[in-house]
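Overview (structure and organization)
Given next are the chains, with one letter for each unit.
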Amino acid sequence: MKATVSALRDRLRTQLADLKMPGALEAIDGILHQVDGGQLSPPAAMVALLDAQIGLRNSRRLQTAMRSSRLPAIKTLADFDFTFQPSVKRDQIDSLHSLGFLDRRENIILLGPPGVGKTHLALSLAVATVESGRRVYYATLAELIASLEEAQQAGTLQHRLKTLGFSTLMIVDEIGYLPISRTGAMLFFQVMARRYERASTILTSNKTFEEWGEIFGDEVMAAALIDRLLHHCHIVNIRGNSYRLRHHADLRSALRGAPAKPKEKGGREAPAS
Ligand SMILES: Nc1ncnc2c1ncn2[C@@H]1O[C@H](COP(=O)(O)OP(=O)(O)OP(=O)(O)O)[C@@H](O)[C@H]1O
Ligand SMILES: [Mg+2]
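We now turn to the structure provided with this report. (Residues numbered from 1 in each chain as written. Chains lettered and ligands numbered in written order. Predicted model: local features only at pLDDT ≥ 70, side-chain atom pairs only at ≥ 80, totals over all residues. Heavy atoms only, no water.)

Thoughts on the layout of surface pockets
The line we're drawing: The pocket and cavity definitions rest on a 1 Å grid over protein atoms only: a 1.4 Å probe that fits but cannot leave marks a cavity, an open set with protein on both sides within 12 Å along at least five of seven lines marks a pocket, and residues lining either have an atom within 4 Å of a point. Grid points are joined across faces, edges and corners, and a volume is the space filled by probe spheres set on the points. In this classification, the charged set is Asp, Glu, Lys and Arg, the nonpolar set is Ala, Val, Leu, Ile, Met, Phe, Trp, Tyr, Cys and Pro, and all remaining amino acids, among them Gly, are polar.
Reported here for the largest pocket is a volume of approximately 500 Å³. In this structure, the largest pocket is lined by 26 residues; those nearest its centre are Gly115, Gly117, Thr119, His120 and Arg244. For the lining of the largest pocket, the class distribution of residues is eleven nonpolar, eight polar and seven charged.

Here it is, written out as structure tokens:
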């Protein structure tokens, strides 16, 4: 009888390997040990075995989705130190992480000087979105425009615009750091016009809205873009010190006087409507 049980266990392992169930295969010995010790009933053991496999499958799916969203780093809300950045309202950020903004197709704009956590918060919202099983596309403005120009040259712009319209969440990071061409600005406008009221976009910028005309090289187009973006939008206006320079108080005060800094920290506030 003992030999039969042992043979059955071996067969079970072979079957799990044959079915390509590595999560279950890894868990099987521990589960059988608990069955032997009377801590798990046979049905509970079967549930535990399948749970182990489902857990591994879900985490692999998550990794694949993370890769395809091209996030430059994994940041989480838990890692964000609110005490360092008191201008960030925890209630607002918590509520955004419940992801209702995606269903309501609202946008989020994170404004503020370098290093205050704009990208961190955009990425933690992206991670939460991917974990909820939805698609995310991340790019800096410069990368997005480069990919649109490439598509235009290859004659696949319409297809690219359609694909970009599909992502439940698009993140456009670093608006304002690199100059963009007029064609680039027009291509970006087309993406945003397509996504308007269809899907949510998170944008980050070190510049105030008043300076966007300069960034896009066209005041009228920038005004039309801002109008669409702000129609259903949450503004997170971060005023504070760079987290990157948190150990360099001397550099922080030197940078405060630097001319490269935005004229005002942040921009006009608009509630989601
Ligand atoms: N409040 C915070 N708590 C923990 N880590 C933070 C906080 N703010 C920023 N960081 C970390 O500091 C670094 C810089 O932050 P982040 O990249 O989000 O800045 P940013 O506002 O996007 O700056 P930039 O405008 O230069 O792109 C990141 O590694 C980020 O994870
Ligand atoms: Mg950033």
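Let us keep going from here.
Section: the nonpolar core
Definition in use: Only buried Ala, Val, Leu, Ile, Met, Phe, Trp, Tyr and Cys residues count toward a nonpolar core, and they belong to the same one when joined by side-chain atoms within 4.5 Å. Partly exposed residues are those whose accessible area sits between 20% and 50% of the maximum for their type, while under 20% is buried and over 50% is exposed, using a 1.4 Å probe and protein chains only. It only takes one pair of heavy atoms within 4.5 Å for two residues to be counted as in contact.
If you look at the biggest cluster of nonpolar residues, it comprises 34 residues, and the most contacted ones within it are Ile109, Leu144, Val172, Ile175, Phe188, Trp212 and Phe216. Setting aside residues no more than four positions away along its own chain, Phe188 makes contact with Leu141, Leu144, Ile145, Leu148, Val172, Ile175, Leu203, Phe216 and Leu225. Counting residues in each nonpolar core, the second largest holds 28 residues, with Leu96, Phe101, Val116 and Leu123 among its members.

Concerning the site of ligand 1
Heads up, the condition is: Any residue with at least one heavy atom within 4 Å of a molecule or strand is counted as near it. Polar contact is defined as a pair of N or O atoms within 3.5 Å, subject to the rule that within protein one atom must be able to donate a hydrogen and the other to accept it, and that residues adjacent in sequence are counted only when both atoms are side-chain atoms. Residue burial considers only the protein chains on display, and all accessible areas are found by Shrake-Rupley using a 1.4 Å probe.
Around ligand 1, 15 residues are found, and the nearest of them are Gly115, Lys118, Thr119, His120 and Tyr177. Between ligand 1 and the protein, one listed contact pairs an oxygen atom with a backbone N or O atom of Val116 at 3.2 Å. The contact in question runs from an oxygen atom of ligand 1 to an N or O atom on the side chain of Tyr177, over 2.6 Å. Bound to the protein, ligand 1 loses 87% of the 630 Å² it would expose on its own.

Here we look at the pattern of salt bridges
Close approach of charged atoms allows side chains with opposite charge to pair. The cut-off we apply is this: Put simply, a salt bridge is a Lys or Arg side-chain nitrogen that is within 4 Å of an Asp or Glu carboxyl oxygen.
Enumeration over the complete set of coordinates arrives at six salt bridges. One connected set of salt bridges, linked through shared partners, spans Asp10, Arg13 and Asp29.

Here's the deal with the sheet that holds strand E3 (residues 169-175)
In plain terms, the rule: For two strands to count as paired, DSSP must find a minimum of two bridges between them. Note on conventions: DSSP H or I runs of at least 4 residues are helices, E runs of at least 2 residues are strands, and numbering of each starts at the N terminus. Here, axes are lines fitted to C-alpha atoms. For helices the fit covers the stretch in contact, and angles between N-to-C directions go from 0 to 180 degrees.
In space, the five strands of this open sheet follow the order E2-E3-E4-E1-E5, with parallel pairing throughout. Two strands bound the open sheet, and with one partner strand each, they are strand E2 (136-140) and strand E5 (233-237). Strand after strand, the sheet turns through a mean of 10° between neighbouring axes, direction not considered. Relative to strand E4 (residues 200-205), E3 is paired through five bridges, and the arrangement is parallel. The residue bridging Ile171 from the neighbouring strand is Ile202, located in E4. The strands that helix H7 (residues 141-153) touches are E2 and E3; relative to E2, the one it contacts most, it runs at about 100°.

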